[in-house]
Amino acid sequence: MIPPAFDYTRPATVDEAVRTLADAGEEAKVLAGGQSLLPLMRLRLAFPELVVDVGRIAELRGVREDGGTLVIGAMTTHHDVIHDPLVRRHAALLASATATVADPAVRHRGTLGGSLAHADPAADLPAVVLALDGELVAQGPGGRRTIPARDFFVDYLQSALAPDELLVEVRVPKTDGWGFHYEKFHRVAQSYAIVGVAALVRRDDGHIAEARVGLTNMGSTPLRASAAEEALTGAGDADAIGRATEAAAEGTRPSQDMSASPEYREHLARVLTRRAVLTAAGMG
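Residues numbered from 1 in each chain as written. Predicted model: local features only at pLDDT ≥ 70, side-chain atom pairs only at ≥ 80, totals over all residues. Heavy atoms only, no water.

Draft legend 1. Structural view of the overall build of the protein chain. Helix and strand counts for the protein chain come out as 12 helices and 14 strands. Taking 19 Å as the expected radius of gyration for a compact globule of 284 residues, we find that the protein chain reaches 19 Å, a close match to that expectation. Its C-alpha atoms give the protein chain principal-axis dimensions of about 60 × 45 × 30 Å. Across the 284 residues of the protein chain, 51% fall into the buried class. Considering only residue pairs separated by 6 or more positions, the protein chain has 62% of its internal contacts joining residues 24 or more positions apart. Accessible area of the protein chain: about 12,900 Å², with a carbon and sulfur share of 48%. (Helix = DSSP H or I, 4+ residues; strand = E, 2+ residues; numbered from the N terminus. Rg over C-alpha atoms; globule rule 2.2 N^0.38 Å. Buried < 20%, exposed > 50% of the residue type's maximum accessible area, 1.4 Å probe, protein only. Contact = heavy atoms within 4.5 Å. Areas by Shrake-Rupley, 256 points an atom, 1.4 Å probe, with all protein chains shown as cover.)

Draft legend 2. Representation of the pairing of strand 6 (residues 135–140) in the model. With five of its six residues buried, strand 6 lies for the most part within the structure. The sheet contact formed by strand 6 and strand 7 (residues 143–148) spans six bridges and is antiparallel. Counterpart to glutamine 139 in the pairing with strand 7 is arginine 144. In this antiparallel pair of consecutive strands, strand 6 and strand 7, the connection spans two residues. (Pairing = 2+ DSSP bridges.)

Draft legend 3. Spatial organisation of the sheet that holds strand 2 (residues 28–31). Reading across from one edge, 1-3-2 is the order of the three strands in this open sheet, with parallel pairing throughout. Here the strands that pair on one side only, and so sit at the sheet edges, are strand 1 (7–9) and strand 2. Pairs of neighbouring strands in the sheet enclose a mean axial angle of 25°, with direction left out of account. Of the pairings in the sheet, the one linking strand 2 to strand 3 (residues 50–53) comprises four bridges and is parallel in character. Paired with valine 30 across the two strands is valine 52, which belongs to strand 3. The strands touched by helix 1 (residues 14–24) within the sheet are strand 1, strand 2 and strand 3, with strand 3 carrying the most contacts at an inclination of about 170°. (Axes fitted to C-alpha atoms, helices over the stretch in contact; angles between N-to-C directions.)

Draft legend 4. Highlighting a negative patch on the surface. Residues Asp7, Glu26, Glu27 and Glu49 make up a contiguous surface patch of negative charge. Tracing the backbone through its elements, the reader meets glutamate 26 in the loop between helix 1 and strand 2. Taking relative accessible area as the criterion, glutamate 26 reaches 68% and is therefore assigned exposed. (Patch = residues over 30% accessible without salt bridge, like charges linked within 9 Å, V, L, I, M, F, W, Y side chains within 5 Å. Salt bridge = Lys/Arg side-chain N within 4 Å of Asp/Glu carboxyl O. Lys, Arg positive; Asp, Glu negative; His and termini not counted. Charge placed at Lys NZ, Arg CZ, Asp CG, Glu CD.)

Draft legend 5. The nonpolar core, seen in detail. Counting 35 residues, the largest nonpolar core has Ile72, Val87, Leu94, Leu112, Leu116 and Val128 as its most contacted members. With five residues, the single largest contributor to this core is helix 8 (residues 124–131). If we ignore the near neighbours within four places in the chain, the residues touching valine 128 are Leu93, Leu94, Ala97, Tyr182 and Ala198. (Core = buried A, V, L, I, M, F, W, Y, C linked by side-chain atoms within 4.5 Å.)

Draft legend 6. Spotlight on the side chain of threonine 69. Positionally, threonine 69 belongs in strand 5 (residues 69–73). Its relative accessible area of 18% is what places threonine 69 among the buried residues. Not counting residues within four places of it along the chain, the set of residues in contact with threonine 69 comprises Arg64, Arg171, Val172, Pro173 and Lys174.

Draft legend 7. Representation of unusual backbone geometry in the model. In this structure, alanine 119 is a non-glycine residue whose phi angle is positive, near 60°. Looking at the element boundaries, alanine 119 is found in the loop between helix 7 (112–118) and helix 8. Its relative accessible area of 1% is what places alanine 119 among the buried residues. Despite not being glycine, aspartate 205 shows a phi value in the positive range, around 55°. Mapped onto the elements of the fold, aspartate 205 is located in the loop between strand 12 (195–204) and strand 13 (207–216).

Here is the structure:
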């Protein structure tokens, strides 16, 4: 299907992009890698009057260190996230999960910031950044503000970004020494996960001292499996982990669609969380 007519602009700087968004109001959409927006436009599920292409803004790309945090430009492609040595060393869960996104063509065009700003609960990376306790930095006419990942995802395809704000950075704490794993179930290769689980585990003296579990496609936003995280604290063997991960679906509201029933998604959340945590803990 052909999208409706729209105007197009390609700002050269973040400041110019923000001014353009402020002038256009809610009638504008930001184009990053285009892997989420363009399909919606072709299906006429999104019909912006103005498309603001931020693809040539160099300051939105790249990875740097800021003390105990990695700062990743919003326009950094999935391919670059996967292969960046800082990400691989200090936020390996993010690199590992990003490698499972779609196919090589999408990973070369799609961007980390674009995936997060799209706020699709079935996408892999929102749950990963949530599990990492990441923060997202937005710039608007009044300057920059930092939004914790737990507050960024508001509802299905809705984020905390204002219409005149641009996502400029993603900040994730370094997780050196943590075990990690991203486990997902999908019926067809390269398709969206029916359920996905991002697990981070810090062990001390043979037991789990802290666990973080992010859930993909278990509600209208990515979620943390808080009950399972709490139950996993102190677990020291596979049986204890198995009992703790039975709580993985507590507090979730999975959807009913052609792929799965809510009950099946809850079952998958428990099974995949067990697998992901066991692997992250070095027991898988």
